[in-house]
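Below are the chains, spelled out letter by letter.
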Amino acid sequence: MAVEMSRVRFDELVSDALDLIPVEFARAMNNVVVLVEDHNPEEPSLLGLYEGIALTERDSTYGGVLPDRITVYREPLLAMCADEAEVVDEIAVTVVHEIAHHFGIDDERLHELGWG
């Protein structure tokens with residue numbers, strides 16, 4: 001059964017998950033914004049999405065571009081969880097997973113590390 005939660009509370013939990021990122025990684029994040037949306041219109045079951053140019057792929061020509069986007073999708077995360085504690089855990093995993101993409105870590109490596 002899906003967890004019912006206000007948008008405000010969900011946003012707070014995403015913010016809390018971002019606060020768990022070690023300071024050295026948070027400082028290294030560059031030109032990236034984290035957003036919350038209800039669901040991905042093309043893949044409604046998607047939990048999160050990174051869109052941008054990973055730090056490992058940026059070179060001297062990188063500049064003047066819009067920020068990378070990390071989107072956390074509220075509805076599928078709430079649908080897969082049984083209670084708020086599980087939502088907290090799943091948001092944290094999703095946030096870490098998408099931030100890892102910003103640092104150039106691919107899905108295969110994330111699965112190997114247990115963050116898939």
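Everything discussed here concerns the structure shown above.
All of these numbers come straight from a predicted model, not from anything done at the bench. (Residues numbered from 1 in each chain as written. Predicted model: local features only at pLDDT ≥ 70, side-chain atom pairs only at ≥ 80, totals over all residues. Heavy atoms only, no water.)

Structural notes on unusual backbone geometry
Keep this limit in mind: Three labels apply to residues, based on accessible area from a 1.4 Å probe with only protein chains included: buried if under 20% of the type maximum, exposed if over 50%, partly exposed otherwise in between.
You will see that Asn31, though not glycine, has its phi angle at about 60 degrees, which is positive. For Asn31, a relative accessible area of 26% gives the class partly exposed.

A look at the nonpolar core
Which entries qualify depends on this criterion: Within this scheme, the nonpolar core is defined by two criteria: the residues are buried Ala, Val, Leu, Ile, Met, Phe, Trp, Tyr or Cys, and they are joined through side-chain atoms within 4.5 Å. Strands are runs of DSSP state E lasting at least 2 residues, helices are runs of H or I lasting at least 4, and numbering of each runs from the N terminus. When checking whether two residues touch, look at their non-hydrogen atoms; a contact exists if any pair is within 4.5 Å.
Judged by nonpolar contacts, the single largest core of 21 residues is most densely connected at Met5, Phe10, Val14, Val87, Ile91, Val95 and Ile99. Put simply, the parts of the chain that give this core at least two residues each are helix H1 (7-19), strand E3 (68-73), helix H3 (74-80) and helix H4 (84-102). Aside from chain neighbours lying at most four places away, what touches Ile91 is Phe10, Leu13, Val14, Ala17 and Leu77.

Examining the pattern of salt bridges
Condition: Within this document, salt bridges are pairs made up of a side-chain nitrogen of Lys or Arg and a carboxyl oxygen of Asp or Glu, the two lying within 4 Å of each other.
In total, this model carries nine salt bridges according to the counting rule given. The salt bridge involving Asp38 is made with Arg74; its shortest N-O contact spans 3.9 Å. Pair noted here: Asp38 is in the loop between strand E1 (32-37) and strand E2 (48-51) and Arg74 is in helix H3, with a separation of 36 residues, a long-range link. The class of Asp38 is partly exposed, set by a relative accessible area of 32%. The class for Arg74 is buried, based on a relative accessible area of 14%. The salt bridge involving Glu112 is made with Arg109; its shortest N-O contact spans 3.0 Å.

Quick word on the side chain of Asp68
The test is simple: Under the rule applied, a polar contact is a pair of N or O atoms within 3.5 Å (in protein, one hydrogen donor and one hydrogen acceptor; residues adjacent in sequence only if both atoms are side-chain atoms).
With respect to the helices and strands, the residue Asp68 is situated in strand E3. Among the polar contacts made by the side chain of Asp68, one reaches the side chain of Arg58 at a distance of 2.7 Å. Those residues within four positions of Asp68 in sequence are excluded, and the remaining contacts are Asn31, Val32, Val33, Tyr50, Glu51, Gly52, Ile53, Ala54, Arg58, Tyr62 and His102.

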